[in-house]
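Each chain, written out:
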Amino acid sequence: MRAGAVDIALHGIDEWAAEIGPGLLIYGGVMVWGNTGAALVAIAGAALALTACSADSPDQSRVDQELSPQGPTLSGSVVRVVDGDTVRVLVDGQGEDVSVRLIGIDTPETVAPGRPVECFGPEASEFAEQLLDGARVLLELDPTQGETDRYDRTLAYVWVESPTGELTLFNLAAITGGYAEEVTYAADYAWQAEFIAADRAAREAGVGRWSACPT
Ligand SMILES: [Ca+2]
């Protein structure tokens, strides 16, 4: 594999954007950081609660319960947040961290070569930083998606583990807070119904990017 191709994978560029070729590999990303992370987390939590109460959830019994992984998991620590939908995780017992692409979501670009920083991309990255940077996590794997994507990134749901052992499904929190949209990339996946319901609720309520950005 060419060095450029590896670079694209590590920087979390969207799959289709990787087709643009090496002539356009310009880093346009300028990160804008604020102090609103804690507030954003609070908003996401409130929105998550609202979603759990929404009447049109396709699988109410699963949403009402405290969620927990459905598939096999690996425990580890997040060593770097690349952007809102890609992180690097050191899995327990392994010597090298791996790039992890979150299943079922897409966040606006901040570090994609040749593409401008997209609306709400910095906020999505900051949300991920707040919840994930340095966090203990469980990576839930999903056999429907395979282990890795074509950039050799591990495909997973990321569960954030609180010090008291409570688990938060980050992928879902990012959708609920209006930072990410639901995307089914190849095959249907385990948490698809919940993610689609949360995406619809966020759009209807104008949460996050759904009111902040032009559509
Ligand atoms: Ca993205």
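Residues numbered from 1 in each chain as written. Predicted model: local features only at pLDDT ≥ 70, side-chain atom pairs only at ≥ 80, totals over all residues.

Draft legend 1. Geometry of the overall build of the chain. Assigned secondary structure in the chain consists of 7 helices and 8 strands. In the chain, which comprises 215 residues, the share counted as buried stands at 39%. When contacts within the chain are restricted to residue pairs at least 6 apart in sequence, long-range pairs at least 24 apart make up 67% of them. (Helix = DSSP H or I, 4+ residues; strand = E, 2+ residues; numbered from the N terminus. Buried ≥ 20, exposed ≤ 12 C-beta atoms within 10 Å, placed from the backbone. Contact = placed C-beta atoms within 7 Å.)

Draft legend 2. Here's a closer look at the environment of Val82. Among the secondary structure elements, Val82 is positioned in strand β1 (residues 73-83). Residue class for Val82 comes out partly exposed when judged on the 19 C-beta atoms lying within 10 Å of it. Between the C-alpha atoms of Val82 and Glu129, which are 47 residues apart in sequence, the distance is 8.9 Å.

Draft legend 3. Structural detail: unusual backbone geometry. A positive phi angle, near 75°, is found at Phe120, a position not held by glycine. With respect to the helices and strands, Phe120 occurs in the loop between β4 (105-106) and α4 (121-132). We classify Phe120 as buried; it has 21 C-beta atoms within 10 Å. In the Ramachandran plot, Asp152 falls in the positive-phi region, its phi being about 70° despite a non-glycine side chain.

Draft legend 4. Region of the structure containing the nonpolar core. Counting 37 residues, the largest nonpolar core has Val87, Leu132, Ala156, Tyr157, Val158, Ala174 and Ile175 as the members making the most contacts within it. Those elements that place two or more of their residues in this core are β1, β2 (86-91), β3 (98-102), α4, β5 (136-140), β6 (154-161), α5 (170-176) and α6 (192-205). Residue contacts for Ala174: discarding those within four places in its chain leaves Gly84, Ile105, Thr107, Ala124, Phe127, Tyr179 and Ala180. (Core = buried A, V, L, I, M, F, W, Y, C linked by C-beta atoms within 7 Å.)

Interpretation note: all reported values are geometric properties and have no functional meaning in isolation.
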